[in-house]
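Reading the structure
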Amino acid sequence: MGFGLNRSGCCSGTLVILMLILSTWLCGIQASLSLGPGGEFPGLYDFIFYAFSNEELTSILHNISLLLWLGPCQERRWGTFVFLALSCISTLLLPPIYALFLFVTGDEASRVSGYSATHLALFTAQCRQVKQRRVLRCVPVWLWPWLVLLLDLFLLPSVPGLLHFYAICLGLNYNNDFIEILEQMGTWGSCACLPKWAYVPATSRHSQLPLYHNTSQRLQQLEKMGFPTEKAVVALAATGQLDGAISLLIDDQIGEEAVVISKAKKSPPLSF
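Where an unreviewed UniProt entry is consulted, the protein appears under the name Peptidase S54 rhomboid domain-containing protein, with the organism given as Danionella cerebrum. Here the protein is described in UniProt, under the heading Subcellular location (unreviewed entry), as follows: "Membrane".

What follows is the structure, given as structure tokens:
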């Protein structure tokens, strides 16, 4: 399940979220949002801590396990700034989206707490970027968020299932252009006050990157990441850069016609 790129640095964003969840649990802080018709208008205290508050032992164990499993992969793929930005955006947007649905349908108020929905939104965005890959050679990556949704419904029966459904919908809207904007913001010095080893730097796709002169090496890295060899060769020839080739392959912009043309150029001419 190595869905992350190999960027150096400490996964400080994952550690910050982990410390907030553990501190909220150990200090006995109970915060939740009552959303929908008849619900209470959330105070600032509840709105800040609802995502880190867990009312059951199963909930906190589930959230910590997912964070330790997925957090470092996501942070090394996007960088610390983008990882924390997507976490904050998801945490802020999910309550009003879910509340709007409850008001439209006229359902009863529902209590929301925990980090599981934010987990699911980020995991969906992560899987969306590698949708052409398969896990265990049979399960498409895009199917994994829905499997995690079923797992959440089983392990966390008190958490509204529709909240997690909207989390997947939100994660699907985190397209590459939006993440690229956040990456550019991260390269503008948002973490400049920290030493380089203390965070995972963001790398914009449009930034000037050094060329990889050893083609067979950029190619081996792409093959290790699971990309088809023929498409990887075409992507490297088109961009001349490892990150540029990854961008093309993730966006699935290498068509079959280009691969066929590439193979035809490699084939020696027939002699009569």
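Picking up where we left off.
1. So, the pattern of salt bridges
Enumeration over the complete set of coordinates arrives at 1 salt bridge. Ionic pairing is found between Glu 55 and Arg 111, a salt bridge with its closest N-O pair at 2.6 Å. Placement of the pair is Glu 55 in the loop between helix 2 (44–49) and helix 3 (57–78) and Arg 111 in strand 2 (residues 110–112), with a sequence separation of 56 residues. On the basis of relative accessibility, which here comes to 41%, the residue Glu 55 falls in the partly exposed class. Of the residues examined, Arg 111 reaches a relative accessible area of 49% and is grouped as partly exposed.

2. Considering a nonpolar patch on the surface
Residues Met 19, Leu 22, Trp 25, Leu 26, Leu 57 and Leu 61 make up a contiguous nonpolar surface patch of about 610 Å² in total accessible area. Of all the secondary-structure elements, those providing two or more residues to the nonpolar patch are helix 1 (12–26) and helix 3. Along the chain, Leu 22 falls in helix 1.

3. Things to note about the packing of aromatic side chains
In the structure shown here, the tally under the stated rule is 8 aromatic pairs. Seen from their ring centres, Trp 69 and Phe 123 are 6.2 Å apart, and the 45 degrees between their planes marks the pair as tilted. Placement of the pair is Trp 69 in helix 3 and Phe 123 in helix 5 (residues 116–129), with a sequence separation of 54 residues. What makes Trp 69 partly exposed here is its relative accessible area of 35%.

Thresholds applied
Residues numbered from 1 in each chain as written. Predicted model: local features only at pLDDT ≥ 70, side-chain atom pairs only at ≥ 80, totals over all residues. Heavy atoms only, no water. UniProt positions renumbered as here; feature names shortened; annotations may be inferred. Salt bridge = Lys/Arg side-chain N within 4 Å of Asp/Glu carboxyl O. Helix = DSSP H or I, 4+ residues; strand = E, 2+ residues; numbered from the N terminus. Buried < 20%, exposed > 50% of the residue type's maximum accessible area, 1.4 Å probe, protein only. Patch = residues over 30% accessible without salt bridge, like charges linked within 9 Å, V, L, I, M, F, W, Y side chains within 5 Å. Areas by Shrake-Rupley, 256 points an atom, 1.4 Å probe, with all protein chains shown as cover. Phe/Tyr/Trp six-rings, centres within 6.5 Å; stacked < 30°, edge-to-face > 60°.

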